[in-house]
Amino acid sequence: MTEDGRSKGIGFVCFSTPEEATRAVTEMNGRILVSKPLYVALAQRREDRKAHLASQYMQRVAGMRMQQMGQMFQPGGTSYFMPTMPQAQRFYSPQMAQIRATPRWPA
């Protein structure tokens, strides 16, 4: 595909049989062309592809979190768990005005 006479770096190929398409994906995906790896996959609608990639990302993040949790509880591990503490309030709010000038109970 081109835009203003310049390649967009993407293209689509129509195969005559599903077997040919599968073979192209398995043999060409990841192969280096000049200095870049090819990405070859079956066509998907943009929304479907975004949903699939989001799902993969969430699975990867969840896996990394589980791995980190496992490392925290291993004996002799060098990882330490530091819970985050809530930050002090740094702005004025109506709650600040409710602070009593005198103590509630006599001393």
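Residues numbered from 1 in each chain as written. Predicted model: local features only at pLDDT ≥ 70, side-chain atom pairs only at ≥ 80, totals over all residues. Heavy atoms only, no water.

Visitor: Account for the overall build of the protein, with residues named and values stated.
Guide: Secondary structure assignment for the protein yields three helices and four strands. Along the protein, helices and strands appear, N-terminal first, in the series β-β-α-β-β-α-α. In the structure as shown, the protein presents an accessible area of about 11,000 Å², 58% of it carried by carbon and sulfur atoms. (Helix = DSSP H or I, 4+ residues; strand = E, 2+ residues; numbered from the N terminus. Areas by Shrake-Rupley, 256 points an atom, 1.4 Å probe, with all protein chains shown as cover.)

Visitor: Residues and numbers for unusual backbone geometry, please.
Guide: Even without being a glycine, Asp 4 presents a positive backbone phi close to 55°. Here Asp 4 is to be found in the loop between strand E1 (2-3) and strand E2 (6-7). Accessibility expressed as a relative area gives 79% for Asp 4, which makes it exposed. Unlike most non-glycine residues, Val 34 shows phi in positive territory, near 60°. Inspection of the secondary structure assignment puts Val 34 in the loop between strand E3 (32-33) and strand E4 (36-37). (Buried < 20%, exposed > 50% of the residue type's maximum accessible area, 1.4 Å probe, protein only.)

Visitor: Run through a nonpolar patch on the surface, naming residues and quoting values.
Guide: Taken together, Met 1, Ile 10 and Phe 12 make up a surface patch of nonpolar side chains, about 360 Å² in accessible area. Take Phe 12: it is sitting in the loop between E2 and helix H1 (18-28). (Patch = residues over 30% accessible without salt bridge, like charges linked within 9 Å, V, L, I, M, F, W, Y side chains within 5 Å. Salt bridge = Lys/Arg side-chain N within 4 Å of Asp/Glu carboxyl O.)

Visitor: How would you explain the pattern of salt bridges if you had to name every residue and give the values?
Guide: Here the structure, examined in full by the defined rule, presents two salt bridges. The partner of Glu 3 in a salt bridge is Lys 8, with the nearest N and O atoms 3.9 Å apart. The shortest N-O distance in the salt bridge between Arg 23 and Glu 27 comes to 2.9 Å. Linking Arg 23 with Glu 27, this pair stays in helix H1, spanning four residues, or about one helical turn.

Visitor: Account for the confidence of the model for the protein, with residues named and values stated.
Guide: When the pLDDT values of the protein are averaged, the result is 78; 65% of them are 70 or greater. Helix H3 (residues 94-97) is the least confidently modelled element of the protein, averaging 51 in pLDDT, while H1 averages 93, the highest of any element. (pLDDT = per-residue confidence, 0-100.)

Visitor: Tell me about the environment of Met 28, and name the residues and values.
Guide: Counting through the fold element by element, Met 28 comes out in helix H1. In this structure the C-alpha to C-alpha distance between Met 28 and Tyr 39, which are eleven residues apart in sequence, comes to 7.8 Å. Apart from the residues lying within four places of it in its own chain, the contact partners of Met 28 are Leu 38 and Val 40. (Contact = heavy atoms within 4.5 Å.)

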